[in-house]
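Here's the letter readout for the chains.
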Amino acid sequence: MRSDGRVAAWIAERGASLSPVALSAAFDAYLCTLPWAGAGIRWQGMPHRTLALEDDVTDEAVVAWARQTPVAAHSHVLVIDSAREPGVICRFEDGLRDFELLTVRPDLFLCGVDLVNGTPRPAFGHFIERRSFHTLTARLSG
């Protein structure tokens, strides 16, 4: 994740937290069990829905789109862009509105998370991939 003052302020303002690196690594390990094509998931044959991130797509449109995916079944999300760095755990709406603030890398993944007595319980199968800054694709089953 990006580690500048803006992200630290955002985390504090939103009541978000950095996740342990082990959680990022576990999510990445799950993603590695899926079929890949180049730098991203090979979605052929896997139920999914995609949103093109064009200039006129608002943050609210992204949230509305994501509400139609399994990720929306969770109160929080884990956002990662590397298996070797902490991710960010934040409320669902915050993560979908502001994921572009959290990383400058072109690809990222987020999955649903529920907090049980403050402990994150990720649902790795409920995830969204951002590829090359251009698209969001959500897995519809898993």
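Counting of residues starts from 1 at the beginning of each chain's written sequence and follows it residue by residue. Where local features are concerned, this predicted model is filtered to residues with pLDDT of at least 70; where side-chain atom pairs are given and counted, the filter is 80 or more; whole-chain, interface and lining totals use all residues. In computing side-chain values, all of the structure's heavy atoms are included and hydrogens and water are not.

**Here we look at the sheet that holds strand β4 (residues 48-52)**
Here comes step 1: Any two strands between which DSSP finds at least two bridges are classified as paired. Note on conventions: DSSP H or I runs of at least 4 residues are helices, E runs of at least 2 residues are strands, and numbering of each starts at the N terminus. On the basis of which strands lie adjacent, the open sheet formed by seven strands has the order β1-β6-β5-β7-β8-β9-β4 and antiparallel pairing. Of all strands in the sheet, those with a lone pairing partner are β1 (17-18) and β4, marking the two edges.
Here comes step 2: Note: β4 against strand β9 (residues 135-139), five bridges, orientation antiparallel. Counterpart to His-48 in the pairing with β9 is Arg-139.
Here comes step 3: Contact criterion: two residues are considered in contact whenever any of their non-hydrogen atoms come within 4.5 Å of each other. Whenever a helix is involved, its axis is fitted only over the stretch in contact; in every case the axis is a line through C-alpha atoms, and angles between N-to-C directions fall within 0 to 180 degrees. Its contacts with the sheet put helix α1 (residues 5-14) on β1 and β6 (88-91), and the angle it makes with β6 is roughly 40°.

**Let's talk about α1**
Here comes step 1: For α1, the complete set of buried residues consists of Val-7, Trp-10 and Ile-11. In a view along the axis of α1, the buried residues occupy a sector of 100°, so they form one face of it. In α1, the exposed positions angled more than 90 degrees off the buried face are occupied by Gly-5, Ala-12 and Glu-13.
Here comes step 2: At its buried positions, α1 is contacted by β1, β6 and α4 (92-102).
Here comes step 3: The positive-phi residue at the C-terminal boundary of α1 is Gly-15, with phi of around 70°. Buried, partly exposed and exposed residues are distinguished by accessible area as a fraction of the type maximum, computed with a 1.4 Å probe on protein chains only: under 20%, between the cut-offs, and over 50%, respectively. The arc in question is the one spanned by the directions pointing from the helix axis to the C-beta atoms.

**Considering the nonpolar core**
Here comes step 1: We define a nonpolar core as any set of buried Ala, Val, Leu, Ile, Met, Phe, Trp, Tyr and Cys residues linked to one another through side-chain atoms lying within 4.5 Å. With 25 residues, the main nonpolar core has Val-77, Val-88, Leu-96, Ile-128 and Leu-136 as its most contacted residues.
Here comes step 2: At the level of elements, α1, α3 (59-66), β5 (76-80), β6, α4, β7 (108-116) and β9 are the ones that each hand at least two residues to this core.
Here comes step 3: Apart from residues no more than four positions distant in its own chain, Leu-136 is found in contact with Arg-49, Thr-50, Leu-51, Leu-53, Val-62, Trp-65, Phe-99, Ile-128, Glu-129 and Arg-130.
Here comes step 4: Counting residues in hydrophobic clusters, the runner-up holds 15 residues, among them Leu-31, Met-46, Ile-89 and Cys-111.

**Description of helix α2 (residues 21-31)**
Here comes step 1: Restricting attention to buried positions, one finds in α2 the residues Leu-23, Ser-24, Phe-27 and Leu-31. Axial view of α2: buried residues confined to an arc of 100°, hence all on one face.
Here comes step 2: Against β2 (36-37), β3 (40-41), β5, β6, β7 and β8 (119-131) lie the buried residues of α2.

**A look at the packing of aromatic side chains**
Here comes step 1: Any pair of Phe, Tyr and Trp rings, taking the six-membered ring for Trp, is counted once the centres come within 6.5 Å. Such a pair is stacked with planes under 30 degrees apart, edge-to-face with planes over 60 apart, and tilted for the rest. Throughout the structure, instances matching the rule amount to seven aromatic pairs.
Here comes step 2: Seen in terms of ring centroids, Tyr-30 and Phe-127 are 6.2 Å apart; in terms of plane orientation they differ by 70°. Their pairing is edge-to-face. Taken together, the residues span a long stretch of sequence, with Tyr-30 in helix α2 and Phe-127 in strand β8 at a distance of 97 residues.
Here comes step 3: Aromatic side chains Trp-36 and Phe-109 sit 6.0 Å apart centroid to centroid with 55° between the ring planes, which places their arrangement in the tilted category. Here Trp-36 is found in strand β2, whereas its partner Phe-109 is found in strand β7, with 73 residues between them in sequence.
Here comes step 4: For Trp-36, a relative accessible area of 32% puts it in the partly exposed group.
Here comes step 5: We classify Phe-109 as buried; its relative accessible area is 9%.
Here comes step 6: Taken together, the aromatic side chains of Phe-27, Tyr-30, Trp-36, Trp-43, Phe-109, Phe-124 and Phe-127 make up a single cluster linked through ring pairs.

**Topic: the pairing of β6**
Here comes step 1: Pairing of β1 with β6, which is carried by two bridges, proceeds in the antiparallel orientation. Each residue of the ladder has a partner; that of Leu-18, found in β6, is Val-88.
Here comes step 2: Sheet analysis places β5 next to β6, joined by four bridges and oriented antiparallel. When the bridges of β6 are listed, Val-79 appears paired with Val-88.

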